[in-house]
Amino acid sequence: MSTIRLTMAQALVRYLAAQRVELDGEEVPLFAGVWAIFGHGNVAGLGEALQQAGDSLPTWRAHNEQGMAHAAIAYAKAHFRRRMMAVTSSIGPGATNLVTAAALAHVNRLPLLLLPGDVFVSRAPDPVLQQLEAPQDGTLSVNDCLRPVSRYFDRIVHPAQLLTALPRALAVLTDPAQCGPATLALPQDVQTMAWDYPADWFRPRLWRIAAPPPEADALERAAQALAAARRPLIVAGGGVLYSAGGAAALRAFAERHGAPVAETQAGKSALPWDHPLQLGAIGVTGSPAANRLAEQADLVLALGSRLQDFSTGSQQLFRQARLLSVNVNALDGIKADAVALSGDAALCLDALSARLDGWRADAGWSAEARALAEDWRVETARVTGQRQPHGLPYDGEVIGAVQRHPGSERDDIVVCAAGTLPAELHKLWRAATPGGYHLEYGYSCMGYEIAGGLGVKMARPEREVIVMVGDGSYLMMNSELATSVMLDRKLIVVLLDNRGYGCINRLQQACGGAPFNNLLDDCRQGRHGAPRVDFAAHARALGAEAEHVADIAGLEAALVRARAAERSYLIVIDTDPARTTEAGGCWWEVAVPEVSERAEVRAARQAYQDRLRRRQYE
């Protein structure tokens, strides 16, 4: 057997560089590269190996470990989980900075390979710089924080262990049901150890993303459930987009059977916004059209959805309907006592349609859906079309300005994460093509926006990437704006400054609380008062072009300049923290204190208890 003597780190890099995947009929590298911030736990071993790899496995440098992991996650999401990136960090703060991003990838079922440095296996120099000393367990390091947020975890304590650990990690990363973060902790002394690896192990390997077909008996049960329905509603989740052909299969099924479609945050863009059966967003941030029919449906067909509380109105929106769940993940499929059909979304829809020849939703139901959908499109145009609002504009009017550029709904990709903006975008953004709407709302992680936008731009360099972000999220993590300039990956960042955490401020008051510690003016302050941040000046200091605009007209003019610019461009506009789109939405369960000195809290608690009692008897 022919062997190659390599360090563990060199073998790891060579193996990753050899992995391939088929994308649009062409074989391409499975890994687009490795994000790296080097420290004493990874610079000498893995850093040397990455430098030697050159363009076969490019190394990208960022400014924050969480940020570079977010970029890697967004890259994979923009490629519908068919390509991915790896991330490496040092052994201490660098590794723990990855925990939030790993949780985000875990919740969103997105592939992310984490390669944090680790302490010495030999323990000869213990405790090394940044080492966690756990008195109760000598085998622990900070990387063990990554265990609960990883779909696969291993610590490589001998170079030969790569032969089993790496294929297992990649099997998880490319599995549609188990997909999520995989972590290989790399002790710094083992990274540099040499071993004789089989030469054949480094041959190029083509990974195929499986599309599991439905099982016959489960398919029959699902078809029977649908055949009995007269008022079906399809809820499209992210699994539709991750299924090859999923969007086309959804459209064909809806049209053939007259079934209206609503969309979760992850599923938005699977069906064009102007399709006659497109009801829009579902749930807490849903449209009145989608939520009204959700309350009247006799069957809800959930396609590739985790059925989390925002989509289901805290599990209340679909209570009167029979739930049929199509999902590659068996645990997601059985939620809420659903009739479960395990399999790829496109294959399941096609198989169901073949068994339902001649079945259609009631004509009156389909007609009502079309009418409500059209009414909502008219209302959306009205809300987003306002150019001269009284006082400060709110998010909906800003969204309208961003989308008024010709072709924007088809060519742009909007990126956002936490706060008020996801609710407004879910209702109001017009998504015409699959993947044109990129929201991280499974984990609702502040700080994802700019780093995520960078990952999307690296995946889709031909598209204009519009990052919409609030001032709170921007202040939490903005450093990858500088990375976008350094890598020549242009972003347009629209920053809505409402001077604090407006979303949580409204929730606080809805629960009876006094405005406290959310808007800057309501925070504890020193003698200089609340800061008035010059975001445009800050962005220019990071190397971007930037300007502050006074109103919607100014925003529209600035967007023309931003689209013509050659590097990242940030536009700041002041917005109203109190106003939101009134139409739509449904109940979301947020616990209210049982005892309080505030009359407002006591009233909110009473309303909460009344709602819980109604739920019990509905």
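Look a little higher up for the structure.
Attention here is on the structure that accompanies the text. All figures in this text were calculated on a predicted structure; none of them were measured in a lab. (Residues numbered from 1 in each chain as written. Predicted model: local features only at pLDDT ≥ 70, side-chain atom pairs only at ≥ 80, totals over all residues. Heavy atoms only, no water.)

Side note on the overall build of the protein chain
- Helix and strand counts for the protein chain come out as 25 helices and 23 strands.
- Its C-alpha atoms give the protein chain a radius of gyration of 25 Å, near enough to 25 Å, the size a compact globule of 618 residues would have.
- The buried share of the protein chain, taken over its 618 residues, is 59%.
- Contacts in the protein chain between residues far apart in sequence, at least 24 positions, make up 75% of those at least 6 positions apart. (Helix = DSSP H or I, 4+ residues; strand = E, 2+ residues; numbered from the N terminus. Rg over C-alpha atoms; globule rule 2.2 N^0.38 Å. Buried < 20%, exposed > 50% of the residue type's maximum accessible area, 1.4 Å probe, protein only. Contact = heavy atoms within 4.5 Å.)

Quick word on the packing of helix 16 (residues 395-403) against helix 18 (residues 420-428)
- Where helix 16 meets helix 18, the axes come as close as 10 Å, and the angle between the chain directions of the two elements is 55°. As summarised for this structure, helix 16 and helix 18 are arranged oblique, according to the angle between their axes. For helix 16 against helix 18, the interelement crossing comes out right-handed. Together, Asp395, Gly396, Ile399 and Gln403 of helix 16 and Thr420, Leu421, Glu424, Leu425 and Leu428 of helix 18 make up the contact between the two elements.
- Residue composition of the contact of helix 16 with helix 18, by class: 4 nonpolar, 3 polar and 2 charged. (Axes fitted to C-alpha atoms, helices over the stretch in contact; angles between N-to-C directions. Parallel < 35°, antiparallel > 145°, perpendicular 65-115°, else oblique. Left-handed = near helix turned anticlockwise from the far one by under 90°. Nonpolar A, V, L, I, M, F, W, Y, C, P; charged D, E, K, R; others polar.)

A short note on the sheet that holds strand 19 (residues 437-439)
- The strand order 19-18-20-21-23-22 describes an open sheet built from 6 strands, whose pairing is parallel. In this open sheet, the two strands that pair with only one neighbour each are strand 19 and strand 22 (545-549). Each neighbouring strand pair of the sheet contributes to a mean axis angle of 20°, computed without reference to strand direction.
- Where strand 22 meets strand 23 (residues 569-574), 5 bridges bridge the pair, whose relative direction is parallel. The residue of strand 23 that forms the bridge with His548 is Val572.
- Across the sheet, helix 18 touches strand 18 (413-416), strand 19, strand 20 (465-470) and strand 21 (492-497), and the angle it forms with strand 19 is around 155°. (Pairing = 2+ DSSP bridges.)

A look at the packing of aromatic side chains
- All told, the structure shown has 9 aromatic pairs when counted by the stated rule.
- Summarising the aromatic geometry, the rings of Tyr15 and Trp201 are spaced 4.3 Å apart at their centres and angled 25° between planes, so their arrangement reads as stacked. Separated by 186 residues along the polypeptide, Tyr15 in helix 1 (residues 8-18) and Trp201 in the loop between strand 10 (194-198) and strand 11 (205-207) bring together distant segments of the chain.
- Judged by its relative accessible area of 3%, Tyr15 falls in the buried class.
- Assessed through its relative accessible area of 14%, Trp201 is described here as buried.
- Ring geometry for Trp201 versus Phe202: centroids 5.2 Å apart, planes at 75°, classification edge-to-face.
- On the basis of relative accessibility, which here comes to 9%, the residue Phe202 falls in the buried class.
- Members of the aromatic cluster, each reached through a chain of ring pairs, are Tyr15, Trp195, Tyr197, Trp201 and Phe202.
- Over the face of the ring belonging to Phe202 we find Arg14, whose NZ or CZ atom lies 5.7 Å from the ring centre. (Phe/Tyr/Trp six-rings, centres within 6.5 Å; stacked < 30°, edge-to-face > 60°. Lys NZ or Arg CZ within 6 Å of the ring centre and 35° of its normal.)

A look at the nonpolar core
- Core analysis: the largest hydrophobic core is formed by 90 residues, its most contacted members being Trp35 and Leu250.
- Considering every element that reaches this core, the biggest residue donor is helix 3 (residues 65-78), with 8 residues.
- Ignoring any residue separated from it by four or fewer positions in sequence, one finds Leu250 in contact with Ile234, Ala236, Val240, Val261, Ala270, Leu271, Leu303 and Leu349.
- Ala338, Ala361, Val383 and Leu496 belong to the second-largest nonpolar core, a separate cluster that totals 54 residues. (Core = buried A, V, L, I, M, F, W, Y, C linked by side-chain atoms within 4.5 Å.)

Details of a nonpolar patch on the surface
- Together, Met476, Tyr501 and Ile504 make up a nonpolar patch on the protein surface, roughly 280 Å² of accessible area in all.
- In this fold, Ile504 is placed in helix 22 (residues 502-510).
- According to the relative accessible area criterion, Ile504 is partly exposed, its value standing at 42%. (Patch = residues over 30% accessible without salt bridge, like charges linked within 9 Å, V, L, I, M, F, W, Y side chains within 5 Å. Areas by Shrake-Rupley, 256 points an atom, 1.4 Å probe, with all protein chains shown as cover. Salt bridge = Lys/Arg side-chain N within 4 Å of Asp/Glu carboxyl O.)

Quick word on the side chain of His79
- With respect to the helices and strands, the residue His79 is situated in the loop between helix 3 and strand 6 (84-89).
- Apart from the residues lying within four places of it in its own chain, the contact partners of His79 are Leu23, Ala459 and Arg460.

Some details on helix 14 (residues 345-355)
- For helix 14, the full list of buried residues reads Ala345, Ala346, Cys348, Leu349, Ala351, Leu352 and Ser353.
- Residue Asp344 occupies the N-cap position of helix 14, its side-chain oxygen lying 3.1 Å from the main-chain nitrogen of Ala346. (Polar contact = N/O pair within 3.5 Å; in protein donor to acceptor, adjacent residues only side chain to side chain.)

Considerations on the sheet that holds strand 6
- Pairing within the open sheet is parallel, and its 6 strands lie in the order 5-4-6-7-9-8. Every other strand in the sheet has two partners, leaving strand 5 (59-61) and strand 8 (152-155) as the edge strands with one partner each. On average, each strand axis in the sheet is tilted by 20° relative to the strand beside it, whichever way the strands run.
- As paired elements, strand 4 (residues 31-36) and strand 6 share 4 bridges and run parallel to each other. Bridged to Val34 within strand 6 is Ala86.
- Sheet contacts for helix 5 (residues 98-108): strand 6, strand 7 (112-118) and strand 9 (181-187); angle to strand 7, the most-contacted strand, approximately 155°.
- Along the sheet face, helix 6 (residues 162-173) touches strand 4, strand 6, strand 7, strand 8 and strand 9 and points at about 165° away from the line of strand 8.

A short note on helix 15 (residues 363-384)
- Under the 1.5 Å per step criterion, the end-to-end length of helix 15 is 32 Å for 22 residues, consistent within 8% with the ideal 32 Å.
- Listing the buried residues of helix 15 in full gives Trp365, Ser366, Ala369, Leu372, Ala373, Trp376, Arg377, Thr380, Val383 and Thr384. For helix 15, the angular spread of the buried residues around the axis is 145°, confining them to a single face. The exposed residues of helix 15 that point more than 90 degrees off its buried face are Ala363, Gly364 and Asp375. (Expected span 1.5 Å × (residues − 1). Arc of directions from axis to C-beta.)

Here's the deal with the environment of Asn97
- Mapped onto the secondary structure, Asn97 falls in the loop between helix 4 (93-96) and helix 5.
- According to the relative accessible area criterion, Asn97 is partly exposed, its value standing at 29%.
- On a C-alpha basis, the gap between Asn97 and Asn64 in space is 8.0 Å, while along the polypeptide they are 33 residues apart.
- Not counting residues up to four positions away in its chain, the partners in contact with Asn97 are Glu65 and Gln66.
- One polar contact links Asn97 to Glu65, side chain to side chain, over a distance of 2.8 Å.

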